[in-house]
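Listed below are the residues making up each chain.
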Amino acid sequence: MGTDAHADADAEAAQDWKGWHEHRTVTVSAPYGPLSLTGTHWLSDYPEGRIPAVPGQWRDDGDKVVLTAAAEDGLTVDGQPLTGDVRLTADHGSITDARVAHGGRHLVVLRREGLWAVRDFDPDSPARTAFQGIEATAYDARWTLPGRFRPYEEHRSVRVENADGRERGLGLGGEIVFEIDGQERTLQVAVEPDGSLWAVFADATSGNSSYRFRFLRPSAPAADGTVTVDFNRSLLPPCAFADHFICPFPPPGNTLEACVPAGERNLLGG
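Residues numbered from 1 in each chain as written. Predicted model: local features only at pLDDT ≥ 70, side-chain atom pairs only at ≥ 80, totals over all residues. Heavy atoms only, no water.

Colleague: It is not clear to me how the sheet that holds strand E13 (residues 183–191) should be interpreted in this structure. Could you clarify?
Modeller: Paired through backbone hydrogen bonds, the strands of a sheet run either parallel or antiparallel to each other. Taken together, 6 strands build an open sheet; the order of strands is E15-E14-E13-E12-E11-E16 and the sheet is antiparallel. The sheet terminates laterally at strand E15 (214–216) and strand E16 (226–230), the two strands that pair on one side only. Mean inter-strand twist for the sheet, computed between neighbouring axes without regard to direction, equals 45°. Pairing analysis gives 2 bridges linking E13 to strand E14 (residues 197–201), with the strands arranged antiparallel. What sits directly across from alanine 190, in E14, is tryptophan 198. (Pairing = 2+ DSSP bridges. Helix = DSSP H or I, 4+ residues; strand = E, 2+ residues; numbered from the N terminus. Axes fitted to C-alpha atoms, helices over the stretch in contact; angles between N-to-C directions.)

Colleague: Looking at this model, I keep getting lost on the state of the cysteines. Mind explaining?
Modeller: Such a bond, covalent and formed between the sulfur atoms of two cysteines, is termed a disulfide. Evaluation of the coordinates by the stated rule reveals 0 disulfides. Left without a disulfide partner, cysteine 239 is nearest to the cysteine sulfur of cysteine 247, which lies 3.2 Å away. Judged by relative accessible area, cysteine 247 falls into the buried class, the value being 6%. (Disulfide = S-S within 2.5 Å. Buried < 20%, exposed > 50% of the residue type's maximum accessible area, 1.4 Å probe, protein only.)

Colleague: What exactly am I supposed to notice about unusual backbone geometry here?
Modeller: With the exception of glycine, the majority of residues adopt a negative phi angle, and the majority of peptide bonds are in the trans configuration. In the Ramachandran plot, aspartate 78 falls in the positive-phi region, its phi being about 55° despite a non-glycine side chain. Inspection of the secondary structure assignment puts aspartate 78 in the loop between strand E4 (76–77) and strand E5 (80–81). Here the phi dihedral of aspartate 181 falls at roughly 55°; this positive angle occurs in a residue that is not glycine.

Colleague: Which parts of the structure should I look at to understand the pattern of salt bridges?
Modeller: Should their charged atoms come close, side chains of opposite charge can pair. Counted by the stated rule, this structure contains 15 salt bridges. One salt bridge connects arginine 99 with aspartate 78, and the closest N-O pair in it is separated by 2.8 Å. Of this pair, arginine 99 sits in the loop between strand E6 (84–88) and strand E7 (100–102) while aspartate 78 sits in the loop between E4 and E5, and the two are 21 residues apart along the sequence. Take arginine 99: its relative accessible area is 32%, and that puts it in the partly exposed class. For aspartate 78, a relative accessible area of 49% translates into the label partly exposed. A salt bridge links arginine 233 to aspartate 230, with the shortest nitrogen-to-oxygen separation between them at 3.9 Å. Arginine 233 gets classed as partly exposed once you look at its relative accessible area, which sits at 31%. The exposure class of aspartate 230 is buried, given its relative accessible area of 17%. (Salt bridge = Lys/Arg side-chain N within 4 Å of Asp/Glu carboxyl O.)

Laid out in structure tokens, this is it:
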């Protein structure tokens, strides 16, 4: 590829990145985006079923959650006022489509490792009101790296600390291999249902000029295992936007010694 063709490709990639960054900012600041999360309430912490910040009574019933409400609680389920009981499973769709609401707040049922929780998303949250934007480094072609995916023969799970201080399992399906400054680096990754990859990583900028860790989501590898490792699209994890997310920390081996001054770095004004 000639010099002019390289320049054209880099300009197109930079424009694509600009659109990605703008869309990401809109998504994060949406009414039910991550900035709106005001609480994650584990039912095991409330054996009587009364969560101080959330109306109704919420009870763990094994494979379901039983929600009991009176008219004065002001709860709706599927858009209809709830009086009495309803059995709920975990919400897996958009926060906007959550079954339970209290006025403009959406109450999302969550299950992790057999434990139930209720998440409270409020468009009027202080974090969303104060949001000024995402600090991100402009596109740099040097941080779009060729890599290779090496799947594990068997799925692995490692215990890692989460942002809420609890330890949970993190599933890993393989690793991506790439070079930074001529040295081979690896990151362990999860494999999503659509074949795309997900890495939780830190680097030498983490906790300094970047957030303490970040996410990377490469597209599905090609049939021969080749994959693009684009650090320009490094993402702040949800817990950078609200303290109530339970993001996993990087697994052992996913802290790069090199600096990665690319992608999303911090919240503006943070």
